[in-house]
Each structure stands twice: as C-alpha cells, then as structure tokens.
Amino acid sequence: MPETARRPPRSPMAAPRSFLWSRRIFLTLLTGFVLLPVYVMVSSSLKPLADVSGKFQWIPSGLTLRPYLDIWRTVPLADYFVNSLVVAGTATVCSLVVAVFAAYAVSRHAFRGKRVFTVTVLSTQMFPGILFLLPLFLLYVNIGNATGIALFGSRGGLILTYLTFSLPFSIWMLIGYFDAVPRDLDEAAKVDGCGPLGALLRVVVPAAIPGIVAVGVYAFMTAWGEVLFASVMTTDATRTLAVGLQGYATQNDVYWNQVMAASLVVSVPVVAGFLLLQRYLVTGLTAGAVK
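(A) Structural detail: the nonpolar core. The biggest cluster of nonpolar side chains holds 30 residues, and the ones touching the most others in it are Ile 71, Leu 77, Tyr 162, Trp 224, Met 233, Leu 241 and Tyr 248. Looking at this core, the elements with two or more residues in it are helix 5 (77-108), helix 7 (133-147), helix 8 (155-180), helix 11 (209-224), helix 12 (228-233), helix 13 (241-244) and helix 14 (256-276). In terms of residue count, helix 5 provides more of this core than any other element does, 6 residues in total. Those residues in contact with Leu 241 that lie beyond four places of it in its chain are Leu 77, Tyr 80, Phe 81, Ser 84, Trp 224 and Val 266. Of all hydrophobic cores here, the second largest spans 26 residues; its members include Leu 96, Ile 175, Ala 208 and Ile 212.

(B) View of the layout of surface pockets. One number sums up the size of the largest pocket: a volume of about 180 Å³. Forming the walls of the largest pocket are Thr 124, Gln 125, Phe 127, Pro 128, Gly 129, Phe 132, Leu 136, Thr 164, Phe 165 and Tyr 218. Class assignment of the residues belonging to the lining of the largest pocket gives a composition of 6 nonpolar, 4 polar and no charged.

(C) How the structure looks around helix 2 (residues 17-45). If you check helix 2, its first and last C-alpha atoms are 42 Å apart, about what 29 residues at 1.5 Å a residue would give, namely 42 Å. The sharpest bend along helix 2 reaches about 35° and sits at Leu 35, with the proline Pro 37 one to four residues further on. Regarding helix 2, the residues found buried are Ser 43, Ser 44 and Ser 45. Packing partners of the buried residues in helix 2 comprise helix 3 (49-53), helix 4 (66-74) and helix 14.

(D) Structural context of the packing of aromatic side chains. For the structure shown, the criterion picks out 9 aromatic pairs. Ring geometry for Phe 132 versus Phe 165: centroids 6.1 Å apart, planes at 75°, classification edge-to-face. Of this pair, Phe 132 sits in the loop between helix 6 (114-123) and helix 7 while Phe 165 sits in helix 8, and the two are 33 residues apart along the sequence. For Phe 132, a relative accessible area of 31% translates into the label partly exposed. Taken together, a centroid distance of 5.2 Å and an interplanar angle of 85° make the contact between Phe 137 and Phe 152 edge-to-face. Residue Phe 137 is located in helix 7, and its partner Phe 152 is located in the loop between helix 7 and helix 8; the two are separated by 15 residues in the primary sequence.

(E) Fine view of the packing of helix 5 against helix 11. At a minimum axis separation of 8 Å, helix 5 and helix 11 run at an interaxial angle of 145°. For the pair helix 5 and helix 11, the crossing hand works out as right-handed. Residues Phe 81, Ser 84, Leu 85, Ala 88, Gly 89, Thr 92, Ser 95, Leu 96 and Val 100 of helix 5 form the contact with helix 11, whose participating residues are Ile 212, Val 215, Gly 216, Ala 219, Phe 220, Ala 223 and Trp 224. Grouping the constituent residues of the contact of helix 5 with helix 11 by class yields 11 nonpolar, 5 polar and no charged.

(F) Broad picture of empty space enclosed by the protein. In the structure shown here, the tally under the stated rule is 1 cavity of 30 Å³ or more. The calculated volume of the largest cavity comes to roughly 40 Å³. As for the largest cavity, its lining consists of Ser 84, Val 87, Ala 88, Tyr 162, Ala 223, Trp 224, Glu 226, Thr 240 and Ala 242. Among the elements that take part in the lining of the largest cavity, helix 5 stands out by supplying 3 residues, more than any other. In the lining of the largest cavity, the residues fall into 6 nonpolar, 2 polar and 1 charged.

(G) View of the environment of Tyr 104. Tracing the backbone through its elements, the reader meets Tyr 104 in helix 5. What makes Tyr 104 buried here is its relative accessible area of 7%. Sequence separation of Tyr 104 and Ile 171 is 67 residues, and the distance between their C-alpha atoms is 9.0 Å. Excluding residues within four positions of it along the chain, Tyr 104 makes contact with His 109, Phe 178, Asp 186, Pro 196, Ala 199, Leu 200 and Val 204.

(H) Region of the structure containing the pattern of salt bridges. One pass over the full model with this rule turns up 3 salt bridges. Linking Asp 236 and Arg 239 is a salt bridge whose minimum nitrogen-to-oxygen distance equals 2.5 Å. Here the salt bridges share partners, and the residues they tie into one network are Arg 66, Asp 70 and Arg 73.

(I) Main features of the environment of Thr 234. By the secondary structure assignment, Thr 234 is in the loop between helix 12 and helix 13. Excluding anything up to four places from it in sequence, Thr 234 contacts Gly 153, Leu 158 and Arg 239.

(J) A look at the confidence of the model for the chain. Per-chain confidence: the chain averages 83 in pLDDT, with 90% of residues scoring 70 or above. Looking at the elements of the chain, mean pLDDT is at its lowest for helix 1 (residues 3-6), recorded as 52, and at its highest for helix 5, recorded as 91.

(K) Just the environment of Arg 202, in detail. With respect to the element layout, Arg 202 can be found in helix 10 (residues 196-207). Arg 202 sits in the exposed class, given a relative accessible area of 64%. Placed 16 residues apart in sequence, Arg 202 and Asp 186 show a C-alpha to C-alpha distance of 9.6 Å.

Conventions and cut-offs
- Residues numbered from 1 in each chain as written.
- Predicted model: local features only at pLDDT ≥ 70, side-chain atom pairs only at ≥ 80, totals over all residues.
- Heavy atoms only, no water.
- Core = buried A, V, L, I, M, F, W, Y, C linked by side-chain atoms within 4.5 Å.
- Buried < 20%, exposed > 50% of the residue type's maximum accessible area, 1.4 Å probe, protein only.
- Helix = DSSP H or I, 4+ residues; strand = E, 2+ residues; numbered from the N terminus.
- Contact = heavy atoms within 4.5 Å.
- 1 Å grid on protein atoms, 1.4 Å probe; cavity = no way out; pocket = protein on both sides within 12 Å on 5 of 7 lines; lining within 4 Å.
- Points joined across faces, edges and corners; volume = space filled by probe spheres on them.
- Nonpolar A, V, L, I, M, F, W, Y, C, P; charged D, E, K, R; others polar.
- Expected span 1.5 Å × (residues − 1).
- Bend = angle between axes of the 7 residues up to and from the residue.
- Phe/Tyr/Trp six-rings, centres within 6.5 Å; stacked < 30°, edge-to-face > 60°.
- Axes fitted to C-alpha atoms, helices over the stretch in contact; angles between N-to-C directions.
- Left-handed = near helix turned anticlockwise from the far one by under 90°.
- Salt bridge = Lys/Arg side-chain N within 4 Å of Asp/Glu carboxyl O.
- pLDDT = per-residue confidence, 0-100.

Right, dumping it as structure tokens:
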C-alpha cells in the first residue's frame, strides 16, 4: 500500500505549517520582549553599584543581596510602605462599601434622575486627573485654615483624593454586575424574611463576588501606584512608595541597584494579591467584558 494512502487526509480547517511556525516565532519574540524589562530589573537589583552606574552590563560581574538590605536604610522605605498600605487599603474598602450600596440602589430601584446620575458618574472618567490637582490643593488648604482639619499633607486627604477617582468607576462597574444578578433571588430572599439590606448582603453580594473583587483590585492598584497627587498632597511623614522611590536619586548619583530592588519589593503586594484573587479576578473581568 503506498505511503500516501496511509496518511490521514488533511483537514480543510488545518492551518498551514508555515503559519504555525510564524506564530511560534512571533510569540517567542513577544515573550522575550515582555520578559526583557523583568530581566533588567532583577539582574540590576543583584548587581554592585559599579555595574549599573555606567554602561549597562548584560552579564553581571558578581551577584549580591546588599541592595535589598540597603533600600531600608537609604530612605525610610518601611514608613512609605505603611503609608501606602494604609492609604490604598482604606481607599479600596471605602470605595467598595459606598459603591456596593450605590450600585445596588441604582440597579434595583427606580427614582427620579437615575439616568442623569449614571451618566454623571460615567462622565467623571472623561477628565484627566491633573485637571483636579490645583482645585483640590486649594480646597484642602482653605478647609485646613478655616476648620483646622488637616487634609493637606495627611493620609485622610490622600484617601479622599483617591476616592474621587476610584468611586465613580466602581459604582458604574458594579451596576452592570448587579444587573446581571436575577431579581428573582431578591424576591426569594424577601419571601424568606430578608429586607432590602439582608437581600443585598446575603444574596446579591455573594453572587457578585467576582465583580466586587475585580473592582477592588482596580481601586487598590489606582491608589498604590499613583504619583501625581501623592507628590503634591503629601509631606515627608505621609509620603507613599510611588513618591518615596525618588529618594534613591541624589545630586551626585542614582542608586540604580537599590531602585530596582525597591521596585521589586513594592510590586510584591500587588503580585501576591493578584495570585490570591486570580480566580475571582478573571471571572469578574470576563463577565464585565461580556456585559
């Protein structure tokens, strides 16, 4: 029997071999392009300062963990870490609590001005953040002078600032998630004796956990990596990590190995949170994309 007769017929939908190899080459190059900055960051964080001060060396002359020890002494990185955790964590929790109740009210109840409210919430995302920098600065300073409440240079003022950006988007996103939860669940909960608050907390919120996690991750990352407002609205005592990394640059030199090491340390909470909440996050983002 001829060799060609024993070969299975090629499927009409099968991709040609040249296309498969082209895709493999493209994906390999894309992977290398994405991982190149990661290699530069990790390798630079393990190099002596002499290896990163001048021309970049792809192969380090030696490896050391000294930069990971020096980052805590060169600048008060631990204080910046605490400030970022407090500000980002509080802003995320406040944003989720307010957004859950606001989105549930819009999703389940009809009231006058409902459409105007949703359009207004969404329209706030059209304006760049720098547009609000000077008004917020003047507002905080005047409130402090008039009432003695220190908003400028405090953690509370920075938390309120981040809420103005994360809260509208959180409300708008959660409205879509709550709309996808069947109203029959609310009615069933009310039949079992739950009021509107009980139906929200016991039925709707557990059903919308993936969306709530996705919104929470967005709010946390927005506050964790923000630089513009943190550089203006904070003092030395309330400075966050995103701004504190500038302390590794002096008038005479830049401690590039410590900068890279600190950048890796700063990214640990975000990466760890993503790995822990990956299942909920992927489900929430997929549901949001379908809606």
